[in-house]
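As a plain string of letters, each chain reads:
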Amino acid sequence: MVAAGVQFGWALQLSLLTPYIQVLPCVRIWSDKCSSKYGRRRPFILAGSLMILVAVTIIGFSADIGYLLGDADEDHRNFKGT
């Protein structure tokens, strides 16, 4: 049982780390070339924050969204929302 928890933990960390390894160098290059009146980093911090907000909202309502997109009733739980 303990080994399965450790394995799940490593898989979770890798799934969270992989986008940073792939996307972060591109964002760094773009932000270094940015000449916004708000600074070089702030527009990217704002855009990233908004994307995270949308993603967390979608995850929170994923069961309801799945039901609206055609999941069968036996796959849907009785509660709605988070």
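Quick summary incoming for the structure in this document. (Residues numbered from 1 in each chain as written. Predicted model: local features only at pLDDT ≥ 70, side-chain atom pairs only at ≥ 80, totals over all residues. Heavy atoms only, no water.)

1. A few points about the overall build of the protein chain
Helix and strand counts for the protein chain stand at 3 helices and 0 strands. Listing every helix and strand of the protein chain by position from the N terminus yields α-α-α. Within the protein chain, the proportion of its 82 residues that are buried is 6%. Carbon and sulfur atoms form 69% of the exposed surface of the protein chain, whose accessible area is close to 7400 Å². (Helix = DSSP H or I, 4+ residues; strand = E, 2+ residues; numbered from the N terminus. Buried < 20%, exposed > 50% of the residue type's maximum accessible area, 1.4 Å probe, protein only. Areas by Shrake-Rupley, 256 points an atom, 1.4 Å probe, with all protein chains shown as cover.)

2. What about the side chain of Ser31?
Structurally, Ser31 is set in helix H1 (residues 2-33). Among the polar contacts made by the side chain of Ser31, one reaches the main-chain carbonyl oxygen of Arg28 at a distance of 3.1 Å. Ignoring sequence-local partners within four residues, the contact set of Ser31 consists of Arg40, Arg41 and Phe44. (Polar contact = N/O pair within 3.5 Å; in protein donor to acceptor, adjacent residues only side chain to side chain. Contact = heavy atoms within 4.5 Å.)

3. Here's the deal with a nonpolar patch on the surface
Together, Val54, Ile58, Phe61, Ile65 and Leu69 make up an exposed nonpolar region whose accessible area comes to about 470 Å². Inspection of the secondary structure puts Ile65 in helix H3 (residues 62-68). What makes Ile65 partly exposed here is its relative accessible area of 34%. (Patch = residues over 30% accessible without salt bridge, like charges linked within 9 Å, V, L, I, M, F, W, Y side chains within 5 Å. Salt bridge = Lys/Arg side-chain N within 4 Å of Asp/Glu carboxyl O.)

4. Brief notes about the pattern of salt bridges
Under the criterion given, the structure shown has 2 salt bridges. Among the ionic pairs, Arg40 bridges to Asp32, the shortest N-O distance being 3.8 Å. The partly exposed category is assigned to Asp32, whose relative accessible area is 44%. Here the salt bridges do not stand alone but share partners, grouping Asp32, Arg40 and Arg41 into one network.

5. Topic: the environment of Ile45
Inspection of the secondary structure assignment puts Ile45 in helix H2 (residues 42-60). Measuring from C-alpha to C-alpha, the distance between Ile45 and Ser31 comes to 9.9 Å, with 14 residues separating the pair along the chain.

Any functional reading would require information that these geometric values do not contain.
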